Amino acid sequence: MTHNVAVISPKSTRPRAAPAQAPQTTEPASSRTIRWHTSAVSAVAFFKDGRQVVTGSRNLRIWDVQNRELLGGPFEGHKDWVRSVTVSSDNKRIASGGKDKSIIIWDVESRQMVFDPLVKHTGWVNSVCFSPDGGRLASGSLDSMIVLWDAETGAVLTTLHGHSSWALSVTLSPDGLKLASGSLDGTIQVWRTDNAELLLEIKAHEDLITSVAWSPDGQQLVSASSDYTVKFCDSSNGDQIGMPCIGHTDSIDSLAISSDGSFIATSSGDKTVRLWSTKSHQQIGQAFEHTARVCFAAISPNGDVLISGDDEGKVQLWPIESILSAAFALDSSYDSFFAHRSEAKLRRYLYLEALSDAEMVWLISIIALIIVLILLIRRLLNLILRLIVGTS
């Protein structure tokens, strides 16, 4: 699952020393730079099949990822910049939130608004997110309010008032029963979606929280901040899990998590995009570089493509399959990464590629078994040697 929003990220006035860079060994992938809009691209979301993306600037457009061709749009409706986009699970609808304080739900096939723009917020709509079943839509705004909408009728289901400042990111849990939000006030709040009960408030960062995402199993929340770090916490009690991801030298503006939960991508004001392991919280490979502040990053559903865009309007597509394969190949705990990718490729009828990943799962298991056997033989030999020494 990916989760990506364009956020406003005012730089902190507190002086900070730049974090030390971790040594990297994997070379960054070569990218393809594309200008899909005539002005800065502020938001992006993949369709669930991974073959198309929707981008937001002063309007919306749908693109073919493989051929880099325009498929739909421009979708005209917002009176100002689009700040966030999201695609429903059935790929039939797109929702966009804008600086004009409105939300528009679009029908993909007809390229028309499903109904008039939704107006409830009094500030920029900075984040929108469909529920897993596509029946509801959550929005967060600079008015600090979070709204849950009926995506079929446009009716307001509930409003959530908990943050003391801008609500910069909203995300619904994989089961749709909870909503997490990140704010300028530096907190993550977790709400029940059925009765608007505030379940948890987490003071996760030293600075504003720009982006929040659920792990695919719903057990963890991952957050990015202007304090240059990404943190992981237990979604049931707010306890921090492991060490933060440290490497960026400026505010992290967006966060995306892979659909199998094995890695995340972050974009930053330091003009880079980085990949991180959700297990070790260490950076994977080298940073992907832009020439300007990177507004967003998104991961394709099968995890083999990373897309990022910057303040200069350039969109870059990065092939990351080889980088991830190299990073995870000798770690048996990442069997699920290759198994998930194999399943995703089968759904796209890429049989040979799917077989290759399935073989990787088998190979990792064999290597792990061999290592265990070697360790057992060593222990057995040591025991025999001790017995021989003891009897002599």
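In this text, all values refer to a predicted model and were calculated from it rather than measured experimentally.

Colleague: Run through the nonpolar core, naming residues and quoting values.
Modeller: Grouped together as the largest cluster of nonpolar side chains are 15 residues, with contacts concentrated most on Phe263, Leu275, Phe288, Leu306 and Ile320. Put simply, the parts of the chain that give this core at least two residues each are strand 24 (263–268), strand 25 (272–277), strand 26 (283–289), strand 27 (294–299) and helix 1 (321–328). Ranked by residues supplied to this core, first place goes to strand 27 with three residues. Those residues within four positions of Leu306 in sequence are excluded, and the remaining contacts are Ala265, Val273, Leu275, Phe288, Ala297, Ala298, Ile299, Gln316, Leu317, Trp318 and Ile320. Judged by nonpolar contacts, the second largest core, of 14 residues, contains Ala43, Phe47, Val54 and Ile62.

Colleague: Report on the packing of aromatic side chains, specifying residues and quantitative values.
Modeller: All chains considered together, the criterion is met by two aromatic pairs. Summarising the aromatic geometry, the rings of Phe75 and Trp106 are spaced 5.4 Å apart at their centres and angled 90° between planes, so their arrangement reads as edge-to-face. Of this pair, Phe75 sits in strand 5 (residues 69–75) while Trp106 sits in strand 8 (residues 102–107), and the two are 31 residues apart along the sequence. For the residue pair Phe75 and Trp106, the accessibility class agrees, reading buried in each case.

Colleague: If you had to explain the pattern of salt bridges to someone new, which residues and values would you point to?
Modeller: This model, assessed by the stated rule, comprises six salt bridges. As a salt-bridge pair, Arg274 and Asp270 come within 3.6 Å of each other at their nearest N and O atoms. According to the relative accessible area criterion, Arg274 is buried, its value standing at 5%. Judged by its relative accessible area of 15%, Asp270 falls in the buried class. Where Glu312 meets Lys314, a salt bridge forms, and the shortest distance between an N and an O atom there is 3.1 Å. Three or more residues are tied together by salt bridges with common partners; here these are Arg192, Asp194 and Glu197.

Colleague: Explain the pairing of strand 7 (residues 93–98) residue by residue, including any values.
Modeller: Within strand 7, six of the six residues are buried, leaving the element largely enclosed by the surrounding structure. Here strand 7 shows two buried faces, one formed by Arg93, Ala95 and Gly97 and the other by Ile94, Ser96 and Gly98. Pairing geometry for strand 6 (residues 82–87) and strand 7, over five bridges, is antiparallel. Following the sheet pairing, Val85 is matched in strand 7 by Ser96. Relative to strand 8, strand 7 runs antiparallel, the two sharing five bridges. Residue pairing for strand 8: Ile94 is matched across the bridge by Trp106. In this antiparallel pair of consecutive strands, strand 7 and strand 8, the connection spans three residues, and Lys101 shows a positive phi of 75°.

Colleague: An account of the pairing of strand 28 (residues 305–310) is requested, with residue identities and associated values reported.
Modeller: Most of strand 28 is tucked away: six of the six residues are buried. Here strand 27 pairs with strand 28 via five bridges, running antiparallel. Opposite Ile299, over in strand 28, you have Leu306 as the bridge partner. Here strand 28 runs beside strand 29 (residues 315–319); their pairing, made up of five bridges, is antiparallel. Note that in strand 29 the partner of Leu306 across the bridge is Trp318.

Colleague: Outline unusual backbone geometry, supporting the account with residue identities and numerical values.
Modeller: Keep in mind that most residues, glycine aside, have a negative phi and that most peptide bonds are trans. Located in the positive-phi region is Asn91, a residue other than glycine, with phi close to 65°. Residue Asn91 is classed as partly exposed on the basis of its relative accessible area of 21%. In this model, Ala196 sits at a positive phi of 60°, which is unusual for a non-glycine residue. Mapping Ala196 onto the fold places it in the loop between strand 17 (187–192) and strand 18 (198–203). Owing to a relative accessible area of 24%, Ala196 belongs among the partly exposed residues under this scheme.

What counts, and where the lines are drawn
Residues numbered from 1 in each chain as written. Predicted model: local features only at pLDDT ≥ 70, side-chain atom pairs only at ≥ 80, totals over all residues. Heavy atoms only, no water. Core = buried A, V, L, I, M, F, W, Y, C linked by side-chain atoms within 4.5 Å. Buried < 20%, exposed > 50% of the residue type's maximum accessible area, 1.4 Å probe, protein only. Helix = DSSP H or I, 4+ residues; strand = E, 2+ residues; numbered from the N terminus. Contact = heavy atoms within 4.5 Å. Phe/Tyr/Trp six-rings, centres within 6.5 Å; stacked < 30°, edge-to-face > 60°. Salt bridge = Lys/Arg side-chain N within 4 Å of Asp/Glu carboxyl O. Pairing = 2+ DSSP bridges.

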